[in-house]
Amino acid sequence: MSKQVVYATHLRDVANSSRLQRAYEIQKEENKPAFYLLPSFSWLKQARQKQPGLLISTFDDLATYILDKAELNYLSISEQERSLFFQQFIREAHKALANDEIDIAKANGYADTYGQIKRLGLSIEDLPVSLHSLSSLFSQYEEKVVDERRLLDPENRILAAINHLTNHSNDSNLSIIMVDGFFDFSPLQALLIEALKKANVKIEIFLPHHERFDITARTVSELKEIGFVEQLGTPHTHLQASELKLISATTMEEQWKGIMEEIHLSQEAYEEIGILLVDERTALAELERYTTMYHIPVNIAQKRPVASTAIYSFLLSIIKGNDRSKTKWEQLPLVEQILKLYHISGLTFAKQKQLFLQSREWLDQEHESLFRMITELRLPKQASFVEYLSRLAKIMNELPLLAYWEKQFSNDQPASTLKGMVDEYKAFELIRERIESYQALLVEKRLEHLLITPDLFIEWLREQGDSLTLFSKRAVKKGVSIHSFRDISLFKGKKLFVVGMNEGAFPAPHHLSGYVQERDLVQLPVRFSAPTQLHFQEKQLAHFEQLFYVSEVILFTYVKGVDTNHPYLPSPILTELDLVEEEWSWKKRLSNGFSFSEQNHLEKLAYFLGEGFQSEGIPQSLQVIKDRQRRIEGAEEHLSVAHQEKQRKQVVSVTELESYARCPFRYAMERALEVNEPNQEQESVSPLEIGQVIHSLIEELYHEFNLIGRPFGSVEKSVLEQVPSRLLAMFEQKWDYVESQSPEISKFDLLLMKQQWQRRLEQWWQAEKKHFWDNEELATMEIMAFEKPVRLELEISDEESLILVGKVDRVDRQGNRFVIYDYKTGFAQIKMEEVKSGLKLQLPLYAYAIREELERLENQTMIADGASYISLKKEPAKRAGNGIWRSEHVGKDSKYQVSSRCRNQEDELGTNEFLEKYELVERIKELWQGLQSAYHVAPEECSNFCQYHSICRATAEQRNL
């Protein structure tokens with residue numbers, strides 16, 4: 001009877017107890033180890049529980065056993081460690097490369113390419129033409145690592161086992177090898193099976209044999225080519241599935257909530273229900289979240305990666321911060337991490353951050369000591385892997401955190417806080433143990449002198465954070481079972497949800513590793529099934545077909561989105577099935593008559609109330625929300641009577657009125673409540689600071705040259721010629737102060753801004769000279785005042801007056817005529833509708849106030865010729881759209897050079913008639929009363945740069961006025 005046979009098996013019979021027991025009995029009878037090989041961790045775990053004492057493992061484990069039994073001298077290395085060697089070889093070959101990230105990328109790419117070639121069962125001599133340039137690098141790796149140092153990566157371990165079996169065919173010492181549950185074998189696995197066959201090892205392979213499992217037929221053909229005897233029999237044809245559904249969900253949330261609610265409503269027990277995750281990597285976290293939300297037990301333990309802990313992030317920041325910048329904003333994440341390690345939260349957390357940003361000081365000396373310790377650490381830019389590990393271990397041993405946590409364990413702490421500390425403590429110990437064990441492993445493998453960079457060490461630390469895990473919740477034995485396509489035949493229930501069957505998710509495209517392309521497979525001498533797209537499509541089709549043999553009811557779910565015109569599509573593999581279709585949506589879920597929790601009940605009640613239904617006895621929590629919603633929709637915020645009295649004042653600045661007119665809510669935040677702008681990293685000099693610098697510069701310049709109070713035509717040309725150089729010199733001095741106050745802004749950005757304002761100042765002076773000093777029509781006009789205070793009393797009623805105050809940048813006068821100017825460092829223009837609405841009150845009110853003051857002091861009629869903004873940001877010579885002018889001064893003959901395009905022509909500027917025409921007294925009264933009584937969310941002008949957007953409930957329509 002042949003010693004190598006391939007049998008058929010039903011999917012449900014994979015790793016059954018009788019088969020496992022027979023292998024164990026053969027092992028006992030022959031007194032030689034028996035191996036039972038299975039395709040996934042879930043299968044291994046279950047089989048080991050069924051049959052202790054049997055070597056239930058993988059092809060990799062079998063190869064390792066063969067090498068160890070032969071007492072061959074070697075050490076195992078991982079794929080990651082293989083990348084280390086390639087990284088070292090590349091750096092040696094390209095010493096001029098400065099970018100370590102390029103080295104790492106190349107190392108990973110080349111190492112993966114080498115691994116892919118080896119997984120195909122090929123040698124370096126078999127490289128395709130496109131990869132011939134890598135031949136010397138691969139030869140260097142095999143010569144220095146594999147041959148000289150006998151360090152074997154996973155692929156070379158299997159190849160070494162194959163080589164040993166080939167050369168020592170009578171030295172296997174194995175009673176039997178049973179291979180169960182595989183649909184196919186990789187080229188390397190097939191070569192190992194062939195070598196075992198040649199070594200005359202007894203092998204029994206059990207292949208799932210069902211209709212439409214085309215890939216099994218190819219596998220059988222290859223096994224027969226090796227020399228196996230086929231004893232498959234008739235394919236299994238009895239299907240379990242009797243009910244198939246295709247469920248489209250509008251969102252990922254609706255998909256998961258729909259599944260959870262279906263499970264709750266199902267008549268089957270939890271252990272009769274299974275969930276298959278098409279994309280385990282992204283779906284597992286969502287599964288854990290929603291099963292916890294709906295209190296559904298599952299039969300897998302819930303874990304969290306060590307990478308999600310505060311201590312891991314802290315250690316990673318230590319390594320990444322090797323070239324730590326000194327700005328407070330770049331150090332703020334470290335501050336936050338330290339606070340999290342000490343479980344500081346709430347107001348104390350916010351106060352410490354604020355204090356650090358203000359002065360870099362700390363509230364707690366222990367926290368500060370840890371911060372100082374970390375910021376003073378420096379790691380070498382290049383060192384051996386062992387040295388990096390030693391340094392990190394030393395740092396961890398010096399941290400005061402373990403002692404702090406242990407002390408807190410004995411204190412009275414909330415359960416959630418205590419659990420958080422326990423998790424951090426466990427994560428700390430796991431990381432430290434991994435560092436110590438890996439350090440010892442590197443020494444054992446004679447890799448203690450292997451040089452790496454911080455970037456590579458960071459990559460290693462990231463991998464440890466992802467691979468090390470903490471248990472969050474134990475598995476429930478009689479809970480819903482969770483599967484992937486690899487282990488779905490383990491499912492023994494009746495109802496199966498297949499989650500995430502979107503087009504592109506299944507079948508998933510297959511990619512070869514490294515730089516190997518599928519076209520290369522055509523010319524490569526791959527002996528057994530090459531990993532082509534077609535091969536993996538057949539494998540995925542077999543995975544799909546097995547569903548119908550393991551469950552009576554199958555519900556396929558996918559997310560179609562909310563765009564009915566462009567929906568996401570289900571997997572094309574579902575198109576041939578006779579499926580009952582259903583849709584899950586937010587509206588449908590909330591419309592059904594079932595509630596699964598108090599929160600779920602409130603959500604559904606809120607939905608029906610929102611739809612206009614009436615309900616008796618609305619819960620207080622919903623009534624509060626309903627009242628708040630009504631208030632929010634009304635957008636009205638009235639002050640209490642007591643607060644109105646506090647806010648009442650008779651002296652108000654004109655800028656306050658403008659601010660309130662623009663947006664009452666923003667006015668309340670800035671001026672009434674004094675809610676400061678959120679602290680953030682300084683990216684540019686603030687417009688306010690620029691404005692202060694420019695205004696003071698202009699005033700100081702005119703004072704220094706004694707140009708105030710002198711007719712424009714009386715100033716000597718030689719004096720005016722000195723202004724440009726002095727202007728720039730004064731700006732230099734002021735800009736030095738600006739730079740000293742802006743340490744967070746790069747020198748380059750400050751230089752660009754400085755040059756920009758130097759150009760603007762030059763343009764401004766040229767415009768000033770043209771309009772005033774070189775303008776013969778204004779030869780007798782002079783600057784009367786700079787920064788002139790303004791005070792205006794308006795009668796609000798018969799019993800009450802309001803005093804408006806402000807300051808005019810500049811007043812020019814010629815006889816009984818005057819003009820006021822307001823310098824702006826931003827864009828500046830004015831429209832008469834803005835005047836009437838209260839958005840632009842300064843120019844008309846200042847003109848009125850100055851006229852009244854001059855007439856009272858000099859007892860003569862004064863006329864306001866104009867009032868204008870002067871923008872230094874754009875077109876400082878422009879006057880038409882920037883101001884309000886008497887019609888006689890507009891047009892070709894305007895002595896103020898105001899073009900005919902000026903629309904703001906007002907002959908009553910500065911008079912009572914002007915105030916009456918635009919109803920300004922009434923508008924001012926409204927604004928003044930609003931200042932002390934209401935802060936409605938009703939912006940007249942909404943800035944895209946408003947710092948209160950995140951807390952403002954202005955609608956999109958209001959913001960786009």
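Just so it is clear, the structure is predicted and the values come from calculations on it, not from any experiment.

Engineer: An account of the pattern of salt bridges is requested, with residue identities and associated values reported.
Structural biologist: A full pass over the atoms with the stated rule returns 50 salt bridges. Linking R19 and D180 is a salt bridge whose minimum nitrogen-to-oxygen distance equals 3.0 Å. Of this pair, R19 sits in helix α1 (residues 17–30) while D180 sits in strand β6 (residues 176–180), placing them 161 residues apart in sequence. Residues participating in the shared-partner salt-bridge network are R82, R119, D153 and E155.

Engineer: So what's going on with the packing of helix α13 (residues 328–341) against helix α15 (residues 365–375)? Which residues, and what values?
Structural biologist: In a packed pair of helices, the relevant descriptors are the angle between the two axes and the axis-to-axis distance. Their axes nearest at 10 Å, the elements α13 and α15 cross at an angle of 135 degrees. Considered as vectors, α13 and α15 are oriented oblique to each other. In this structure, α13 crosses over α15, and the sense of that crossing is right-handed. Along the contact surface, α13 presents Q331, L334, V335, I338 and L339, while α15 presents H367, L370, F371, I374 and T375. Here the residues of the contact of α13 with α15 sort into 7 nonpolar, 3 polar and no charged.

Engineer: So, the pairing of β6: which residues are in play, and what are the values?
Structural biologist: Taken across its 5 residues, β6 has 5 buried, putting it largely inside the fold. In this structure, strand β2 (residues 34–37) lies alongside β6, joined through 4 bridges in parallel fashion. By the bridge assignment, Y36 is partnered in β6 with M178. Two strands pair when backbone bridges link them, and β6 and strand β7 (residues 203–208) are joined in this way by 4 bridges, in the parallel orientation. Bridging from a neighbouring strand, I177 pairs with I203 of β7.

Engineer: Run through α13, naming residues and quoting values.
Structural biologist: Over its 14 residues, α13 extends 20 Å from the first C-alpha to the last, a length consistent with the 20 Å expected when each residue adds 1.5 Å. Of the positions making up α13, those classed as buried are W329, Q331, L332, L334, V335, Q337, I338, L339 and L341. Contact partners of the buried residues in α13: α12 (310–320), α14 (346–359), α15, α17 (401–409) and α18 (415–444). Immediately downstream of α13, the backbone of H343 shows phi near 55 degrees, a positive value.

Engineer: How would you sum up the nonpolar core? Please name residues and give values.
Structural biologist: Residues F185, L192, L196, I205, F314 and W405 are the most contacted members of the largest nonpolar core, which totals 126 residues. Formed by 48 residues, the second largest nonpolar core is a distinct cluster that contains V811, I830, L931 and Y935.

Engineer: Hey, could you go over the sheet that holds β2 for me, with residue numbers and the actual values?
Structural biologist: Backbone hydrogen bonds hold the strands of a sheet together, and the pairing may be parallel or antiparallel. The strand order across the open sheet formed by 6 strands is β3-β2-β6-β7-β1-β8, and the pairing between neighbours is parallel. Only two strands of the sheet have a single neighbouring strand rather than two, namely β3 (55–57) and β8 (229–231). Each adjacent strand pair in this sheet contributes to an overall mean axis angle of 20 degrees, direction not counted. Taken strand by strand, helix α8 (residues 187–198) contacts β1 (4–9), β6 and β7, and its axis lies near 145 degrees from that of β7.

Engineer: Before we move on, can you summarise the packing of aromatic side chains with the specific residues and values?
Structural biologist: Applying the stated criterion across every chain yields a total of 48 aromatic pairs. Ring centres of W405 and F428 lie 6.3 Å apart, and the angle between their planes is 80 degrees; on these two criteria the pair is classed as edge-to-face. Taken together, the residues W405 in helix α17 and F428 in helix α18 connect sequence positions 23 residues apart. The pair formed by W405 and F428 is uniform in burial state, with each residue classed as buried. Members of the aromatic cluster, joined through ring pairs, are Y702, F712, W764, W765, F772, W773, F786, Y821 and Y823. Looking at R760, its charged tip hangs above the ring of W757, at a distance of 4.6 Å from the centre. One residue, R810, lies across the ring of F772, its end atom 4.2 Å from the ring centre.

Engineer: Break down unusual backbone geometry for me, with residues and values.
Structural biologist: Cis peptide bonds are those with omega within 30 degrees of zero, and the linkage from F506 to P507 qualifies with -5 degrees. Tracing the sequence through the fold places P507 in the loop between β16 (495–499) and α20 (518–523). Phi angles above zero are rare outside glycine, and E919 is one such case at about 50 degrees. On the basis of relative accessible area, E919 is assigned to the partly exposed category, the value being 44%.

Engineer: How would you sum up the side chain of E538? Please name residues and give values.
Structural biologist: Within the secondary structure, E538 is located in helix α21 (residues 533–545). Beyond its immediate chain neighbours, meaning those up to four positions away, E538 contacts I215 and R218.

Engineer: Describe the pairing of β16, with residues and values.
Structural biologist: Counting buried positions along β16 yields 5 of 5 residues, so the element is predominantly enclosed. On β16, burial covers both faces: K495, F497 and V499 on one face and L496 and V498 on the other are all buried. The pairing of strand β10 (residues 273–277) with β16 spans 5 bridges and is parallel. Bridge pairing links I273 to K495 in β16. Two elements, β16 and strand β17 (residues 553–559), share 5 bridges in a ladder whose sense is parallel. Note that in β17 the partner of F497 across the bridge is L555.

Engineer: Describe the environment of E633, listing the residues and the values that go with them.
Structural biologist: In this structure, E633 sits in helix α24 (residues 620–634). For E633, a relative accessible area of 60% puts it in the exposed group. The spacing of E633 and A954 is 321 residues in sequence and 9.6 Å in space, taken between C-alpha atoms.

Engineer: Any details on the sheet that holds β16? Residues and values, ideally.
Structural biologist: Across the sheet, which stays open at both edges, the 6 strands sit in the order β15-β10-β16-β17-β9-β18 with parallel pairing between neighbours. Edge strands, defined here as strands with exactly one partner in the open sheet, are β15 (481–483) and β18 (580–584). Taken over all neighbouring pairs, the strand axes of this sheet differ in orientation by 20 degrees on average, direction set aside. Here helix α10 (residues 252–265) sits on the sheet and contacts β9 (243–249), β10, β16, β17 and β18; the angle it forms with β16, its principal contact strand, is near 175 degrees.

Engineer: Give a description of the packing of helix α26 (residues 654–662) against helix α27 (residues 664–672) that names residues and reports values.
Structural biologist: Contact pair α26 / α27: the axes reach a minimum separation of 5 Å and the direction vectors enclose 130 degrees. Looking at the two axes, α26 sits oblique to α27. Judged by residue contacts, T655, E656, S659, Y660 and R662 of α26 engage P664, Y667, E670 and R671 from α27.

Engineer: Mind laying out a negative patch on the surface, listing which residues take part and the relevant values?
Structural biologist: Taken together, the side chains of D907, E908, E913, E916, E919 and E922 define an acidic patch exposed on the protein surface. Checked against the element boundaries, E922 lands in helix α34 (residues 920–931). For E922, a relative accessible area of 48% gives the class partly exposed.

Conventions used here
Residues numbered from 1 in each chain as written. Predicted model: local features only at pLDDT ≥ 70, side-chain atom pairs only at ≥ 80, totals over all residues. Heavy atoms only, no water. Salt bridge = Lys/Arg side-chain N within 4 Å of Asp/Glu carboxyl O. Helix = DSSP H or I, 4+ residues; strand = E, 2+ residues; numbered from the N terminus. Axes fitted to C-alpha atoms, helices over the stretch in contact; angles between N-to-C directions. Parallel < 35°, antiparallel > 145°, perpendicular 65-115°, else oblique. Left-handed = near helix turned anticlockwise from the far one by under 90°. Contact = heavy atoms within 4.5 Å. Nonpolar A, V, L, I, M, F, W, Y, C, P; charged D, E, K, R; others polar. Buried < 20%, exposed > 50% of the residue type's maximum accessible area, 1.4 Å probe, protein only. Pairing = 2+ DSSP bridges. Expected span 1.5 Å × (residues − 1). Core = buried A, V, L, I, M, F, W, Y, C linked by side-chain atoms within 4.5 Å. Phe/Tyr/Trp six-rings, centres within 6.5 Å; stacked < 30°, edge-to-face > 60°. Lys NZ or Arg CZ within 6 Å of the ring centre and 35° of its normal. Patch = residues over 30% accessible without salt bridge, like charges linked within 9 Å, V, L, I, M, F, W, Y side chains within 5 Å. Areas by Shrake-Rupley, 256 points an atom, 1.4 Å probe, with all protein chains shown as cover. Lys, Arg positive; Asp, Glu negative; His and termini not counted. Charge placed at Lys NZ, Arg CZ, Asp CG, Glu CD.

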